[in-house]
Amino acid sequence: MSNGVTFYFVRHGETYFNFYDRMQGWSNAPLTPKGIENVHRSGRGLADVKFDAVYTSDLQRTIDTALILLEENQFNEGLKIVPMKEFREVFFGSFEGQIAKDVWPQLIKSTSIKYDLPQGSEAEIQYILNTIKELDPYHHAENYVEFWQRVESGLLQLLNKHAGTNQTILVVCHGMTIRNLLNGLIADFNKKEPLDNASVSIVEYRDGQFRLKAYGRTDHFKDVLNDSNQE
């Protein structure tokens, strides 16, 4: 069998902006106590996975999440976190920090009326991102092409460095970033469910093909109580 590389894409833990249901792209909020707890639980479930390299976006919520995951990992010695701006979440421009329920329904309705696309589909998400840029009075928000080109350039850097090494790479980033990566890489990607905080999606790259091994897993979460009961 030829050599490949396996990527573990983990969404950051819950932040206060997540909890308050606010638009959060390049803006940053700290992890909530629940967010920290669930990242620890996710990390315990991944404690036996030997990562060869760790990457995050350059936003603090992903760096903090990666630090917790490494704290729980038994093979963490010598691992250093490499932040990359390419793996940031999509930028919402002047919509950053606004209440999501006041923004998303309007965007979804506008997109549905104009394009009549299935709700939750990747095509709908693409058009919604384009609509956000159109509606942003400063046009600072990223449209789909700008977002994808940025994220894709980060992935290409990782492939150039790690493809064919049989290594396992941890990438901690963001919900829409991971979903759009998977949609761009996996030929038959059809998942509509949003990714939970601290969930893991696993992708293998071998023989020039990407294979989805897991999507949005949280069943690996491990509580301290469960560990105690096994002693």
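The rules behind the values
Per chain, residue numbering runs from 1 following the sequence as it is written. Whole-chain, interface and lining totals are the exception, using all residues; otherwise, since this is a predicted model, local features are given only for residues with pLDDT of at least 70 and side-chain atom pairs are given and counted only at 80 or more. Computation of side-chain values: all heavy atoms of the structure, hydrogens and water removed. UniProt positions are given in the numbering used here, feature names are shortened, and annotations may be inferred rather than shown by experiment. For cavity detection a 1 Å grid was placed over the protein atoms alone, and a set of points counts as a cavity when a 1.4 Å probe fits there but cannot get out; an open set counts as a pocket when protein lies on both sides within 12 Å along at least five of seven lines, with lining residues being those that have an atom within 4 Å of a point. Elements are defined by DSSP. Helices are runs of H or I of four residues or more, strands are runs of E of two residues or more, and each kind is numbered from the N terminus. Per-residue accessibility, obtained with a 1.4 Å probe over protein chains only, is compared with the maximum for each type, and a residue is labelled buried under 20%, exposed over 50%, and partly exposed between these values. Throughout this description, a polar contact denotes any pair of N or O atoms lying within 3.5 Å of each other; where both atoms belong to protein, one of them has to be capable of donating a hydrogen while the other can accept it, and for residues adjacent in sequence the pair is counted only when both atoms sit in side chains. Contacts: residue pairs with any heavy atoms within 4.5 Å of one another. Two strands are counted as paired when DSSP detects at least two bridges linking them. Throughout, an axis means a line fitted to C-alpha atoms (over the contacting stretch in the case of helices), and angles, computed between N-to-C directions, take values from 0 to 180 degrees. When describing relative orientation, an angle under 35 degrees is termed roughly parallel and one over 145 degrees roughly antiparallel, while 65 to 115 degrees is termed roughly perpendicular and anything else oblique. Each crossing gets its handedness from the near helix: less than a right angle anticlockwise from the far helix is left-handed, clockwise is right-handed. We call Asp, Glu, Lys and Arg charged. Ala, Val, Leu, Ile, Met, Phe, Trp, Tyr, Cys and Pro are nonpolar, and the rest, Gly among them, are polar. Pairs were defined over the aromatic rings of Phe, Tyr and Trp, the Trp ring being its six-membered one, requiring ring centres within 6.5 Å. Orientation was assigned from the angle between planes: stacked under 30 degrees, edge-to-face over 60, tilted for the rest. Whether a charge sits over a ring comes down to the Lys NZ or Arg CZ being within 6 Å of the ring centre and within 35 degrees of the ring normal.

Looking at an unreviewed UniProt entry, one finds the protein chain named Probable phosphoglycerate mutase and attributed to Ignavigranum ruoffiae.

Undergrad: Can you help me understand the UniProt feature "active site" (unreviewed entry) in the protein chain in this one?
TA: As recorded in UniProt, the feature "active site" (unreviewed entry) lies at H12 and E89. With the annotated positions falling across 78 residues, the maximum pairwise C-alpha distance of 10.7 Å places them together in a single cluster. Residues from the annotated list that form part of the lining of the largest pocket: H12 and E89. Counting through the fold element by element, H12 comes out in the loop between β1 (4–11) and α1 (16–19). Overall, H12 belongs to the buried group, its relative accessible area being 2%. A distance of 3.3 Å separates a polar atom in the side chain of H12 from a polar atom in the side chain of R61. Within the secondary structure, E89 sits in the loop between β3 (81–84) and α4 (100–115). If we ignore the near neighbours within four places in the chain, the residues touching E89 are Q24, G25, W26, L59, R61, E142, F147, R150, H174, G175, M176 and T177. At 3.1 Å, the side chain of E89 and the backbone nitrogen of M176 are in polar contact.

Undergrad: Looking at this model, I keep getting lost on the sheet that holds β1. Mind explaining?
TA: Backbone hydrogen bonds are what pair the strands of a sheet, in a parallel or an antiparallel way. Spatially, the six strands line up as an open sheet ordered β3-β2-β4-β1-β5-β6, and their pairing is mixed. Two strands bound the open sheet, and with one partner strand each, they are β3 and β6 (209–217). Going from strand to strand, the sheet's axes swing by 20 degrees on average, the running direction of each strand aside. With seven bridges connecting them, β1 and strand β5 (residues 200–206) associate as antiparallel partners. Each bridged residue has a counterpart across the sheet, and for F7 the counterpart in β5 is V203. Packed on one face of the sheet, helix α7 (residues 175–185) meets β1, β4 (167–173), β5 and β6 and runs near 150 degrees to β1.

Undergrad: Even after reading the chapter, I still don't get the packing of helix α2 (residues 33–45) against helix α3 (residues 60–72), so can you show me in this structure?
TA: What describes two packed helices is the angle between their axes and the distance between those same axes. Relative to each other, α2 and α3 sit at 40 degrees, their axes nearing to 8 Å. In this view, α2 runs oblique relative to α3, as classed from their interaxial angle. For α2 against α3, the interelement crossing comes out right-handed. Within the contact between the two elements, α2 uses I36, V39, H40, S42, G43 and R44 and α3 uses T65, I68, L69, E71 and E72. Looking at the contact of α2 with α3, its residues break down into four nonpolar, four polar and three charged.

Undergrad: Hey, could you run me through the packing of aromatic side chains in this one?
TA: What characterises a pair of aromatic rings is the spacing of the ring centres plus the angle enclosed by the ring planes. Following the criterion strictly, the structure yields eight aromatic pairs and no others. Between Y16 and Y20, the ring centres sit 6.0 Å apart and the planes meet at 40 degrees, which makes this aromatic pair tilted. A relative accessible area of 47% means that Y20 is categorised as partly exposed. Considering the side-chain rings of F189 and Y215, the 5.7 Å spacing of their centres and the 65 degrees angle between planes classify their relative orientation as edge-to-face. You can see F189 sitting in the loop between α7 and β5 and its partner Y215 sitting in strand β6, a full 26 residues away along the chain. The exposure classification of F189 matches that of Y215, with both residues buried. A network of ring pairs unites the aromatic residues Y16, F19 and Y20 as a single cluster. The ring of W26 carries R88 above its face, with NZ or CZ at 4.6 Å from the centroid.

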